[in-house]
Amino acid sequence: MNDKPFFMRDAWQFDPDREPAPGPDAGLGFNTRALHAGFHPLRSVPDFRSFVPPIVPSMTYPYEQFEQIPDPVYGRTRTPTTAVLEERLAALEGGEACLSASSGSQALFNLVFTLTRPGDNVVTSLNIYGEGYKQAAAIFPERCGVDFHFVEDPGETASWEAAIDDRTKLVWVETPSNPALFVTDIHAVAAAAHAKGVPLLVDNTTATAALQQPISLGANIVLLSITKFLCGNATVLGGAIVGPEALIEDVRWNTTEFVGAVLQPFESWLTLQFLETLSLRMQRHSENAQKVAEYLSEHPRVERVNYPGLETHPQYELASRQMRAGGGMLSFVAPGGIEGAGRVVDNFKLITHAVTFGTSRSICMHPATITHEHMTPAEREKAGIPDGLIRLSVGLEDAGDIIKDLDQALRG
Ligand SMILES: Cc1ncc(COP(=O)(O)O)c(C=O)c1O
C-alpha cells in the first residue's frame, strides 16, 4: 500500500451541542415533501422535462475532465435516481442527509462498522428485530471485537445511563419494537446518551416518518428498512440511514464505497413512487390495526395483545406523545404455545404467513421460531416474545374481512 490516504472522508465526530441544519425542503409540509423533495420536473433533468423522476440505470458516470471526479462517479456510492430517493427520505425524516443501502440490515451494519473499532461498544436493548439482534449478539462481538450492551430495563432511563461507558460509540433504540411493540422514550434516552457525548440511533422502520419523527425528539440518526412500510408491498429490499451530513458521507465514502452498494436505480425509483402515498397508507394501516387490536383484546382465546394504540398498552401515554397513530403492526399471544400459534397461522385464509411486514396485504409471522430463534428462552421472555406470539402486520383490506379471518382461525 502506498501513502495515499485510504479513507476518502474525515471520520465523523459527534458533537452533542451542534444544532442540526434543517433537512431538505424543511419549509414544506410532510405530504408535500413526500411528493416533491429531491426532484423538480423542470430543473432536475436539464434538457429533458420529466414529471416523474427518471430511472438512470448507468453504473458509471463519465469524467468531463481528467482531474475532476464526477458526482456520481460509480453506482456503488450514488446514482442520480438514488440521490433523489436519499434526499426525499432525509426530507421526510427531517434530517440533513441520507445514505441508502441494499437492505435495512446492511444500513445498520455499515453504520456500526463505520462508528466502532475493536474494544468499543454499542448500547441497546433486547427490543430489536431478529437480524439486528444477530449482528449485536454474534457478528460484531465475534468478528469485530465490538460488544453490545443490552440494557436491563429499557423502560427506565437510568438503565440506559448505567449501560453507557467511555467506549460507547452509539446508543440504538427500536421503537415501537418488532415484534413486541415496546415503546422507548426517545427524548429521555437521547438526553442520557448526549450527556455522555454519545449519539442516539432510532430505528423508525415500524412507525415511519409519517407517524413519528425521531430527529425532532432528539435522535441524531434514523435507521430505516425500506423493505417494510416505506415500500409497502414487498417489491423492494432496501434500507437507509438519515443523519448529519458529515456522518452520512463518512459511511458512504469510508464503508459503503468498499463493502457494498447503495440501493439500485430501479428499486430507488419504485420506492419514490410508493413514498408518495406513505402518509395515506400509514393512516389506513393504523385505522385497521386499531380495529383489529380492539377486536383481539376482547377475544376469549387471545392471552395478550401488543399495540401502542390500545389504552392497555403499558406505554400508551408515551406512544401517544411520540406517535401520531399506533401504526400498522401488532402482535398477540395465541393459546397453546408454538403448536397453538402454528394452528392459528395455518388456519388463515386471507392473511398470509411470510417473513416481512408493512405490506398492503395482511401478513403474519411467528417470531419465536423464525426471526428471534437465536435468542435464549430467557432473552425472549425479557423481550416479550412468548412461544405463542404471532406478529400481525395489518394490511389495507377492509378491516371487517381481516377480523373475519382472525375469527375463523382462532375458532378452528
Ligand atoms: C425494525 C426493523 N429494522 C430493520 C430491519 C432490517 O430490514 P431489512 O429486512 O431490509 O434488512 C428489520 C427487518 O425485519 C426490522 O424489522
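Here the structure is a predicted model, which is why all the values come from computation and not from measurement.

(A) A look at the overall build of the chain. A tally of helices and strands in the chain yields 14 helices and 12 strands. Computed over its C-alpha atoms, the radius of gyration of the chain comes to 21 Å, within 12% of the 22 Å expected for a compact globule of 412 residues. With respect to the principal axes defined by its C-alpha atoms, the chain has extents near 70 × 50 × 35 Å. Across the chain, the fraction of contacts at a sequence separation of at least 24, relative to all contacts at a separation of at least 6, is 73%.

(B) Layout of the nonpolar core. Core analysis: the largest hydrophobic core is formed by 113 residues, its most contacted members being Val171, Ala240, Ile241 and Leu330. It is helix 2 (residues 80–93) that contributes the most residues to this core, 7 residues altogether. Residue contributions to this core reach at least three from each of two domains, namely domain 1 (30–275) and domain 2 (278–411). Setting aside residues up to four positions removed in sequence, Val171 forms contacts with Val123, Trp160, Ile164, Val189, Ala193, Val198, Leu200 and Leu201.

(C) Structural detail: the sheet that holds strand 12 (residues 389–393). Taken together, 5 strands build an open sheet; the order of strands is 8-9-12-11-10 and the sheet is mixed. Lying at the two open borders of the sheet, with one neighbouring strand each, are strand 8 (304–306) and strand 10 (352–353). With 5 bridges connecting them, strand 9 (residues 329–333) and strand 12 associate as antiparallel partners. Residue pairing in the sheet places Phe332 in a bridge with Ile390 of strand 12. The sheet contacts of helix 10 (residues 278–297) involve strand 8 and strand 9, and relative to strand 9 the element is tilted by about 10 degrees.

(D) Highlighting the sheet that holds strand 7 (residues 239–243). Sheet architecture is open: 7 strands sit in the order 1-7-6-5-4-2-3, paired in mixed fashion. At either margin of the open sheet sits one strand with a lone partner, and together these are strand 1 (97–101) and strand 3 (147–150). Each neighbouring strand pair of the sheet contributes to a mean axis angle of 20 degrees, computed without reference to strand direction. Two elements, strand 4 (residues 168–174) and strand 5 (residues 200–203), share 4 bridges in a ladder whose sense is parallel.

(E) A look at helix 4 (residues 130–144). In the structure, helix 4 departs most strongly from a straight axis at Ala136, where the bend amounts to approximately 35 degrees. Every buried residue belonging to helix 4 is among Gly130, Gly132, Tyr133, Gln135, Ala136 and Phe140, and all of these are buried. As for helix 4, its buried residues are in contact with helix 3 (104–115), strand 2 (121–124) and strand 3. Count one or two residues on from helix 4 and you reach Gly145, which has phi positive near 70 degrees.

(F) Geometry of the domain arrangement of the chain. According to the domain assignment, the chain consists of domain 1 (30–275) and domain 2 (278–411). Spacing between the C-alpha centres of domain 1 and domain 2 amounts to 26 Å. Between domain 1 and domain 2, the contact holds 33 residues from the first and 36 residues from the second.

(G) Local environment of helix 8 (residues 245–259). Helix length check: helix 8, at 15 residues, gives a terminal C-alpha distance of 20 Å against a target of 21 Å (1.5 Å per residue), a fit within 8%. Maximal helix bending in helix 8 amounts to about 35 degrees, located at Arg252. In this structure, the buried residues of helix 8 make contact with strand 1, helix 3, strand 6 (221–225) and strand 7.

Calculation rules
- Residues numbered from 1 in each chain as written.
- Predicted model: local features only at pLDDT ≥ 70, side-chain atom pairs only at ≥ 80, totals over all residues.
- Helix = DSSP H or I, 4+ residues; strand = E, 2+ residues; numbered from the N terminus.
- Rg over C-alpha atoms; globule rule 2.2 N^0.38 Å.
- Contact = placed C-beta atoms within 7 Å.
- Core = buried A, V, L, I, M, F, W, Y, C linked by C-beta atoms within 7 Å.
- Buried ≥ 20, exposed ≤ 12 C-beta atoms within 10 Å, placed from the backbone.
- Domains from an automatic or database assignment.
- Pairing = 2+ DSSP bridges.
- Axes fitted to C-alpha atoms, helices over the stretch in contact; angles between N-to-C directions.
- Bend = angle between axes of the 7 residues up to and from the residue.
- Expected span 1.5 Å × (residues − 1).

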